[in-house]
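Fold and geometry: a report
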Amino acid sequence: MPTLRALTAAFAAVLLVLPPAHAQRRKKKDPNAFPPVIIRKKEKEQKDETQALPVLREPPAATVGDVERLTFLVSPLSGKGLLSQQTREALRWLFSNSRGGSVLKLRAFVAGTGDVRRVQEIVSETFTERKLNLPALTVIQAGALPLEGAQVVLEAMLADRRAINEHGVALFSAQRGTARDPLGALDAALRATGLDGGDVRRITCFVNSFDLSAAAAQQARTSYPEAALNFVQPLRGALDDYAECEAVARLKRPPSKRVLPVEPQPGQFALATLVGPGRVAVSSTQMAFQTEDKDLRLVYERLGKALEGVGAGYKGVVFTRVYTVARSIAERANKLRYEFHGQETAPSGVTLVCEGMLSPDAHVGIEAYAMVTEQRP
């Protein structure tokens, strides 16, 4: 008979060969049970991530509104918070003061060290949340705003619910003045077109310093009681004494032509363009990232396609803005515009040398207003 020691050794050998009880139970389960569970978890994580980070809509290349319904707002400055907070507050103010009008165009001037691209992101987020159409958009990096801590100011062009410019509007080119008297040249331009301060609906003055323009801004509130006012220093540390003020005014009577330039000059912007009732296209800014003529022509071509996409085109352009980071680039960009306008004289407009644009690599930005001649869906 086997001894007790031999039986014990044999039993231990059997235990070593057999798997543990919990391992035997796991073998009884379907070996394909775990992979589907893991896959479903990954799919859920991807779905949650997609919902948390939706793709933001891009601003349209151009929008369209009625000249008779155009109205203008400029957001109040705030020195509290960072760029994102100030942008959201400015948008809330615009919506609360829009009287139900739809926003056709936003132009943002950003000062400070904030990332100007956040403005476009916040605009897209806000309009999407409110289920509104995005406006055309321009974002400009400026040198300073006239309030300590202010990082952004928004200018809005809206289509009001009612007709408020029965006879149309006058679009004034930037009128050159001085920091001490930034609005004197604009006053003269108004008189030349038979208008006065009470007709003005928006004024934007670009100045080299706010030391003297504060008094001018206070005077402007009295002289232009119906105007949305904005003062911006486009460059930091500008030494030359200058101020340029562009404006929009309501016409007292319809112009003799649907589009009538005032005092057009070869190689220069007209003093103003009188625009009668009709549909007008308002573009976003097209940018160039190199400074060769071929690059500037490409920007004009893209701008033309943007206008054509809403039934307008270069033949109907009534106002042009050229933004650059250097005066020499601006001069070449202005010369090239005649290749596309097809005429020696240009409508009214503005050339602005600034700190930068929406893209930090951009050297030139161009935008335009143009009368719509074709109906597009």
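See the structure shown above.
This text gives an overview of the structure that appears in the document. All figures in this text were calculated on a predicted structure; none of them were measured in a lab.

Regarding the overall build of the protein chain
Scanning the protein chain for helices and strands turns up nine helices and 17 strands. Counting all 377 residues of the protein chain, 50% fall into the buried class. Of the contacts made within the protein chain by residues no fewer than 6 positions apart, 84% connect residues no fewer than 24 positions apart. For the protein chain, the exposed surface amounts to about 19600 Å²; the carbon and sulfur share of it is 54%.

Description of the packing of aromatic side chains
Overall, the coordinates contain five aromatic pairs when judged by the stated rule. Both rings, one in phenylalanine 109 and one in phenylalanine 206, keep their centres 5.9 Å apart while their planes meet at 65°; by these two values the pair is edge-to-face. On the criterion of sequence distance, the pair formed by phenylalanine 109 in strand 3 (residues 102-110) and phenylalanine 206 in strand 7 (residues 200-207) is long-range, its members being 97 residues apart. Assigned by exposure class, phenylalanine 109 and phenylalanine 206 land together as buried. Both rings, one in tyrosine 300 and one in phenylalanine 340, keep their centres 5.0 Å apart while their planes meet at 20°; by these two values the pair is stacked. In this pair, tyrosine 300 sits in helix 8 (residues 293-308) while phenylalanine 340 sits in helix 9 (residues 327-341), placing the two residues 40 residues apart along the sequence. The same class applies to tyrosine 300 as to phenylalanine 340, namely buried. Here the aromatic cluster, defined as three or more aromatic residues joined through ring pairs, consists of Tyr300, Tyr314 and Phe340. The cationic tip of arginine 337 hangs over the ring face of phenylalanine 269; the distance from NZ or CZ to the ring centre is 4.1 Å.

Some points on the pattern of salt bridges
If you walk through the whole model with that rule in mind, you get 19 salt bridges. Measuring nitrogen to oxygen at the nearest pair gives 2.8 Å for the salt bridge that ties arginine 107 to glutamate 155. Separated by 48 residues along the polypeptide, arginine 107 in strand 3 and glutamate 155 in strand 5 (residues 152-159) bring together distant segments of the chain. Accessibility expressed as a relative area gives 3% for arginine 107, which makes it buried. Salt-bridge contacts for arginine 176 lead to glutamate 244; the nearest nitrogen and oxygen are separated by 3.5 Å. Taken together, the residues arginine 176 in strand 6 (residues 169-177) and glutamate 244 in strand 9 (residues 243-250) connect sequence positions 68 residues apart. When its relative accessible area of 13% is taken as the criterion, glutamate 244 is described as buried. Put simply, Lys105, Arg107, Glu155, Arg202, Glu246, Arg321 and Glu367 are held in one network by salt bridges that share partners.

Observations concerning the nonpolar core
Counting 57 residues, the largest nonpolar core has Leu91, Leu106, Phe109, Phe127, Val139, Leu171 and Tyr369 as its most contacted members. For tyrosine 369, the contacting residues outside a window of four places in its chain are Met157, Leu171, Val280, Ala281, Val282, Gly316, Val317, Val318, Phe319 and Arg321. Judged by nonpolar contacts, the second largest core, of 27 residues, contains Leu190, Cys205, Ala220 and Cys245.

Procedures and definitions
Residues numbered from 1 in each chain as written. Predicted model: local features only at pLDDT ≥ 70, side-chain atom pairs only at ≥ 80, totals over all residues. Heavy atoms only, no water. Helix = DSSP H or I, 4+ residues; strand = E, 2+ residues; numbered from the N terminus. Buried < 20%, exposed > 50% of the residue type's maximum accessible area, 1.4 Å probe, protein only. Contact = heavy atoms within 4.5 Å. Areas by Shrake-Rupley, 256 points an atom, 1.4 Å probe, with all protein chains shown as cover. Phe/Tyr/Trp six-rings, centres within 6.5 Å; stacked < 30°, edge-to-face > 60°. Lys NZ or Arg CZ within 6 Å of the ring centre and 35° of its normal. Salt bridge = Lys/Arg side-chain N within 4 Å of Asp/Glu carboxyl O. Core = buried A, V, L, I, M, F, W, Y, C linked by side-chain atoms within 4.5 Å.

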